[in-house]
Each structure stands twice: as C-alpha cells, then as structure tokens.
Amino acid sequence: MITRPTADAWRQQDRKRILFFGMSGLGKTHVSSMLRDCGGWFHYSVDYRIGTRYMGEHIVDNFKREAMRNPFLAELLLSDSIYIASNITFHNLAPLSTYLGKPGDPARGGLPFDEYLRRQEQHRVAEVAALLDTAHFAHRAEDLYGYRDFVCDSGGSICEVVDPEDPEDPVLTALADTALMVWIEGSDAHTAELVRRFDKAPKPMYYQPAFLTEKWAEYLDLKSVPEDKVDPDDFVRWTYARALAHRQPRYAAMARNWGISVKAEDIAAVHNAEDLTDLVARTLEAR
C-alpha cells in the first residue's frame, strides 16, 4: 500500500517526519516530548488538537452548564464577571476525558447512554479532522518556525476511526503520505500493567460504535442491571481489557499495511533523536 524508505534513505533524510500510534501509556507522548525538548523537532499532539480546536467549545460549554447549576456562579457567569476556560495541555487531557464521560447512573456521575454515544460521535469527527491536519502542521512547522523534523503523537483511538485493510482509506493515505507511521507495540506484560493502572484510575476513552453498543448490551445482560443504575467506573473497567484486545489486531494491520512496528521496550531505550534514527533504521533494515 505504501513505499517505505530504506534504512539508508531514512538516515539521510533531511526532513524526518514520523507518526507514533499504539495503546495509551506505551511512550508515544514521552518520546515525542523528548524529541521536542532535544530541539529541532516539532511535536504535534492529535489529542491536544482535538481538545482545543475541535472539542474545545463542547468542553467549555459543559463547564458552563455545571456552573449554571450553582446560583452564585450562574449570576457571575451571566453578568460576564467570571471567565471559564479549559486548561488542557499535552500532558493533561483531563478536560477532554471529563467531557467524554462514562455511561450509567447519573447519581454516580454517569451519562445517559444516548448522550454518551452523541459525545463519542463528536470525538470521532474531531479525531478524523485532527489527524487530517497532520500534513498542514508539518508544513506549518517548517514554514513558520523552521522545524524540518516533525513528530505526530496520535491518540490511542486512531485505530478506531480508520480501516487499515482499505488501501484507499483517506485518513491513512494522508498520514502515510506525510510521515512514517510507527506502531509502538506492547507485550502481554505491558497490557497487564495498563489494565492494572486503568483499574486503579478508570478514565473515559473513545470506542468504535459497533464495539461499544455490543459491550453495553453484553454488560447490561451480564449484570442484570438497568441502564440508569450502571456503575460508570465498573463498566469502563470491564470494557477496557476487551477494548485493548479489540484494538490490537487493528494496530497490527496498520503497521503491516501502512508503516512499521517497534517494541515498547526499544522505545523506552530511546534518549535522543540519534537513538530514534538508529532504531527506525534497524527496523527498516530488518524488514
């Protein structure tokens, strides 16, 4: 589907453009930030772009909706005496996660399932748009700031909004034309650790609609509970490991058809741009 560079061609490229994808928690943001901090690399975060450009108004409106329930804050808000904004950063995406929410009992912070699906669809549209902005930011980074090297830090749900088996998938075609796509592949031990970490602090995430609807029905039947009595945290905990299993073959197909794969432990050993260049070159050579 794509033509990958040879190891020598990669080493000699005067404009290195790379896109990391894979499960959250395996080092995408860490290595992207490291490249930025080393100098010479522009760091484009898809999740940050989603939370600021495409979901920012939804997020702030949700804050305002909560503020309007408090008479004191409502009066100040209506008189333009206070300003409410989202302080989202590359390393703190809580405003976006909070807006996505979790389905279930409203007394425990849950959303009605229809509203949850509506917000999931908003995220899908936003993620596609943010991914398609990658080429624009690669050009902008060089044109405005002189950055010739570019790293795209994609969200964990990228595999949910593309079809890696479609040779004409518009999002993957645009991304592969812009950057070398690199899957950070975790081991079974990494997966177990991610599940343990998620179980300790469950957070909202995006799911493919068909998968989500199927798991919601399965959970309701298994627990024999009505929708408005579902424990939101219990549902997302129960769903998380299943979501990782659902995503794994999709990531693998993306790497097979559109890029390359590197091991998470090898990425953990990358400490500068030269280390990354060597790792990618070795991977290309091994193909």
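See the structure above.
The shown structure was predicted, so the numbers you read here are calculated from the model rather than taken from an experiment.

K.L.:
What's the story with the nonpolar core in this structure? I'm lost.
P.N.:
A general tendency of soluble globular proteins is for nonpolar side chains to be buried together. If you look at the biggest cluster of nonpolar residues, it comprises 80 residues, and the most contacted ones within it are Ile-18, Phe-20, Phe-21 and Met-181. If you tally residues by element for this core, the top one is helix H12 (residues 232-258), at 10 residues. The residues contacting Phe-21, other than those within four sequence positions of it, are Lys-28, Ser-154, Ile-158, Met-181, Val-182, Trp-183, Ile-184, Tyr-251, Met-254 and Ala-255.

K.L.:
Before we go on, may I ask you to explain the pattern of salt bridges in this structure?
P.N.:
Opposite charge on two side chains permits pairing when their charged atoms draw close. The tally for this structure, following the rule as stated, stands at 24 salt bridges. Salt bridges sharing common partners tie together Asp-14, Arg-15, Arg-17, Glu-142 and Arg-148.

K.L.:
In this structure, what is going on with unusual backbone geometry? I would like to understand it.
P.N.:
The phi torsion of most residues other than glycine is negative, and most of the peptide bonds are trans. One non-glycine residue with positive phi stands out, namely Asp-80, at about 60°. Here Asp-80 is to be found in the loop between helix H5 (71-78) and helix H6 (94-100). Positioned with a positive phi, Ser-224 is a non-glycine residue whose angle comes to about 50°. Here Ser-224 shows up in the loop between helix H11 (209-223) and H12. By relative accessible area, Ser-224 is classed as exposed at 64%.

K.L.:
Just to check I follow, could you spell out the packing of helix H7 (residues 113-132) against H11 for this structure?
P.N.:
The relative placement of two packed helices is expressed as an angle between their axes plus a distance between the axes. Packing of H7 against H11 brings their axes to within 12 Å, and their N-to-C directions diverge by 160°. Taken together, the axes of H7 and H11 are roughly antiparallel relative to one another. Handedness of the H7/H11 crossing: right-handed. Contacts between H7 and H11 involve Phe-113, Tyr-116, Leu-117 and Gln-120 from the first element and Leu-212, Thr-213 and Trp-216 from the second. Tallied by class, residues from the contact of H7 with H11 come to 5 nonpolar, 2 polar and no charged.

What counts, and where the lines are drawn
Residues numbered from 1 in each chain as written. Predicted model: local features only at pLDDT ≥ 70, side-chain atom pairs only at ≥ 80, totals over all residues. Heavy atoms only, no water. Core = buried A, V, L, I, M, F, W, Y, C linked by side-chain atoms within 4.5 Å. Buried < 20%, exposed > 50% of the residue type's maximum accessible area, 1.4 Å probe, protein only. Helix = DSSP H or I, 4+ residues; strand = E, 2+ residues; numbered from the N terminus. Contact = heavy atoms within 4.5 Å. Salt bridge = Lys/Arg side-chain N within 4 Å of Asp/Glu carboxyl O. Axes fitted to C-alpha atoms, helices over the stretch in contact; angles between N-to-C directions. Parallel < 35°, antiparallel > 145°, perpendicular 65-115°, else oblique. Left-handed = near helix turned anticlockwise from the far one by under 90°. Nonpolar A, V, L, I, M, F, W, Y, C, P; charged D, E, K, R; others polar.

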